[in-house]
Amino acid sequence: MRVRRALARLYWALSRWRLSTQRLPQDGAGVIIGAPHTSNWDFVLMLAIAWEQGLGFRWLGKHTLFRGLAGPLMRSIGGIPVDRRDPAGLVEELLARVRAGERFYLVVTPEGSRSGSGWKSGFYRIARDADWPVTLGYVDRPTMTTGLGPTIRLTGDVRADMDVVRAFYADKSGLRPSRRTEPRLRAEDGQESV
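Nothing here was measured: the structure is a model prediction, and the numbers come from that model. (Residues numbered from 1 in each chain as written. Predicted model: local features only at pLDDT ≥ 70, side-chain atom pairs only at ≥ 80, totals over all residues. Heavy atoms only, no water.)

A. Spatial organisation of the nonpolar core. In terms of nonpolar packing, the biggest core is built from 32 residues, with Val31, Ile33, Trp119, Phe123, Trp132, Val134 and Tyr169 touching the most fellow members. Mapped onto this core, the elements with two or more residues apiece are β2 (30-35), β4 (79-82), α4 (90-99), β5 (105-108), α5 (122-130), β6 (134-140) and α6 (158-169). Within the second largest apolar cluster, 24 residues are counted, among which are Leu45, Ile49, Phe66 and Met74. (Core = buried A, V, L, I, M, F, W, Y, C linked by side-chain atoms within 4.5 Å. Buried < 20%, exposed > 50% of the residue type's maximum accessible area, 1.4 Å probe, protein only. Helix = DSSP H or I, 4+ residues; strand = E, 2+ residues; numbered from the N terminus.)

Here it is in structure tokens:
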């Protein structure tokens, strides 16, 4: 862990990006949203944020990232493969880890593959079912700032909770602003349940 933290601090010392972040408990657990997710570079920034704070974390990635020699590397830095063709059971798998006593921060990019008309609701269900707080991580190209913003508790009122999320991300544009997706869940419009 010390090597990772040293690498992250070196990265922030040399980077054009400015780290402006709230601190999380190192022994804590919760969901960290990585948004706006507009580039693969977002992953590097979120990794550097977590390593700088010394956080134990996991992240979800498409299963193809875990093929061949990359698989052990991806798992060693906290990756959990997700087969998007058959995602059933993923939330239950994560909740089973929590129930078994595993403590970690789960970094989720609710925009998924950086395209679409809204956010996926898995982060919401995981946070509610695990009774975990949600920390709003961000990337903002115009200010060259990234970090972790406020931590919130979801109430179960999806629209009200997402209003809080939208208010935070309203002035955050991501690395590629044209790819930014509005923070909106289908459950807000009654299209699906959370």
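Following the structure, the description resumes.
B. Fine view of the sheet that holds β5. The mixed open sheet is built from seven strands, whose spatial order is β1-β7-β6-β2-β5-β3-β4. Every interior strand has two partners, whereas the edge strands, β1 (18-19) and β4, have only one. Here β6 runs beside strand β7 (residues 145-152); their pairing, made up of six bridges, is antiparallel. Within β7, the position partnered with Val139 by the bridge is Thr146. Helix-sheet contacts for helix α2 (residues 41-53) involve β1, β2, β3 (57-62), β6 and β7, and the interaxial angle to β7 is about 65°. Sheet strands touched by α6: β2, β6 and β7. Its angle to β6, the strand with the most contacts, is close to 25°. (Pairing = 2+ DSSP bridges. Contact = heavy atoms within 4.5 Å. Axes fitted to C-alpha atoms, helices over the stretch in contact; angles between N-to-C directions.)

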